[in-house]
Amino acid sequence: MSSSTPAPASPRPVRVLLVEDDELMRRSFTVALERYGYQMKAAADGLAGLELFRDEGFDLLILDVMLPGLDGIGLCRRVRETSLVPVLMMSARGDGLDVVAGLEAGADDYVVKPVDTYVLVARIRSLLRRATYAPAPEPGQTTDDEPPPSEGELLVFGDLTIDTGGLEVFVSGSPVALTPTELKLLLAFAAHPGIVLERHTLLRDVWEYGWDGDSRVVDLCVQRLRRKLGRDRIETVRGFGYKLRR
């Protein structure tokens, strides 16, 4: 009797949580993203979104800024207390304060509504590639005081150590939890220490923008890195960009 080889298991669908209070927009985004193969769950307000997030595992969150109860910025902060899951913010106005507040709260990127589905999907795919490329330790995870040995290279810049194999970061021997976007940005700097990287270069290489994007995403992500690594580690070169001090 011949035996057949079982077919390889299909990859698990990407689970996305959408938190949007506008019912029509919530339904249209859900249907559109399901057509691209994403497994969608949706909530109409921030508190319901937070409860869903805590009860179920998600690969990516899409949060509207203006939400009843708990707004998207507050929700993003609550998520960042326990998770490094990629977060995409949506703003109806593209208001500068909304954008800055969302990115400061820990969001990885943002889009302005109304947004075409293909643009939304492109941003989602970019965020997921970063998350796959750069897994990071969860907040509160403890390790030994010294960076563990690995097959990758250890890059040392003063008290900053980057394990390129384990994709881990240490400051004075203590682990630092970075989001995938923060880690990919740091690796871009570490690949060119002492070299000024322009904002549009970082938008292309880290955020994968094939067009001119909003450089505020770079500036705010650099600010978050400085809070975690030390304010003097990444230097601003006015009119050009940033560089990692050797």
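One numbering rule holds for all chains: residues counted from 1, following each sequence as written. Only residues with pLDDT of at least 70 get local features here, since the model is predicted, and only at 80 or more are side-chain atom pairs given and counted; chain-wide, interface and lining totals rely on the full set of residues. The side-chain figures draw on all heavy atoms in the structure; neither hydrogens nor water molecules are used.

Student: Give me the lowdown on helix α1 (residues 23-35), citing residues and values where you can.
Tutor: Each helix is a run of H or I in the DSSP string that is no shorter than four residues. Each strand is a run of E no shorter than two, and both are numbered from the N terminus. For a helix, the expected span equals 1.5 Å multiplied by the number of residues minus one. Counted at 1.5 Å a residue, the expected span for α1 with its 13 residues is 18 Å, and the 18 Å between its end C-alpha atoms agrees. Along α1, the residues classified as buried are Arg26, Phe29, Thr30, Ala32 and Leu33. Throughout this description, a polar contact denotes any pair of N or O atoms lying within 3.5 Å of each other; where both atoms belong to protein, one of them has to be capable of donating a hydrogen while the other can accept it, and for residues adjacent in sequence the pair is counted only when both atoms sit in side chains. Put simply, aspartate 22 is the residue that caps the front of α1, since its side-chain oxygen is 3.2 Å from the backbone nitrogen of leucine 24. Positive phi appears at glycine 37, one or two residues downstream of α1, with a value of about 95 degrees. With a 1.4 Å probe rolled over the protein chains alone, any residue whose accessible area is under 20% of its type maximum counts as buried; one over 50% counts as exposed, and the rest are partly exposed.

Student: Pulling in residues and values, what's your account of the nonpolar core?
Tutor: Membership of the largest hydrophobic core comes to 57 residues, with the highest contact counts inside it found for Leu61, Met89, Leu160, Leu185, Phe189 and Trp207. It only takes one pair of heavy atoms within 4.5 Å for two residues to be counted as in contact. Residue contacts for leucine 160: discarding those within four places in its chain leaves Leu155, Val169, Phe170, Val171, Leu186, Leu229, Arg233 and Leu244. In terms of nonpolar packing, the next biggest core, distinct from the first, is built from 17 residues, Leu18, Leu33, Leu120 and Leu127 among them. The term nonpolar core refers to a set of buried residues drawn from Ala, Val, Leu, Ile, Met, Phe, Trp, Tyr and Cys, joined through side-chain atoms within 4.5 Å.

Student: Any details on the sheet that holds strand β12 (residues 241-244)? Residues and values, ideally.
Tutor: Here, any two strands with at least 2 DSSP bridges between them count as paired. Pairing within the open sheet is antiparallel, and its three strands lie in the order β10-β12-β11. Of all the strands in the sheet, the pair left with one neighbour each is β10 (197-198) and β11 (234-237). When β11 meets β12, the two strands line up antiparallel, connected through four bridges. Across the sheet, residue threonine 236 finds its bridge partner in β12, namely tyrosine 242. Contacting β10, β11 and β12, helix α6 (residues 180-190) crosses the sheet at an angle of about 75 degrees to β12. The axes used here are C-alpha line fits, helices contributing only the stretch in contact, and every angle between their N-to-C directions lies in the interval 0 to 180 degrees.

Student: Any chance you could break down the pattern of salt bridges for me, citing the residues and the numbers?
Tutor: Salt bridge, as applied in this entry: a Lys or Arg side-chain nitrogen positioned within 4 Å of an Asp or Glu carboxyl oxygen. Overall, the coordinates contain 16 salt bridges when judged by the stated rule. Between aspartate 109 and arginine 123 there is a salt bridge; the shortest N-O distance is 3.6 Å. With aspartate 109 in strand β5 (residues 109-112) and arginine 123 in helix α5 (residues 117-133), the pair connects residues that are 14 residues apart, well separated along the chain. Exposure remark for aspartate 109: the relative accessible area of 1% places this residue in the buried category. Classification of arginine 123 by relative accessible area gives buried; the value is 11%. For arginine 224, the salt bridge identified is with glutamate 182, shortest N-O distance 2.7 Å. One end of the pair, arginine 224, is in helix α8 (residues 216-229); the other, glutamate 182, is in helix α6, with 42 residues separating them in the sequence. Taking relative accessible area as the criterion, arginine 224 reaches 6% and is therefore assigned buried. Assessed through its relative accessible area of 2%, glutamate 182 is described here as buried. Via salt bridges that share partners, Arg15, Lys41 and Glu56 belong to a single interconnected network.

Student: Help me get a handle on the confidence of the model for the protein, residues and values and all.
Tutor: Values of pLDDT, the confidence the predictor places in each residue, fall between 0 and 100. Mean pLDDT for the protein: 86, with 85% of residues reaching 70 or above. Contacts of residues 134-150 to residues separated by more than four positions or lying in other chains number 34 contacts, the stretch itself having pLDDT below 50.

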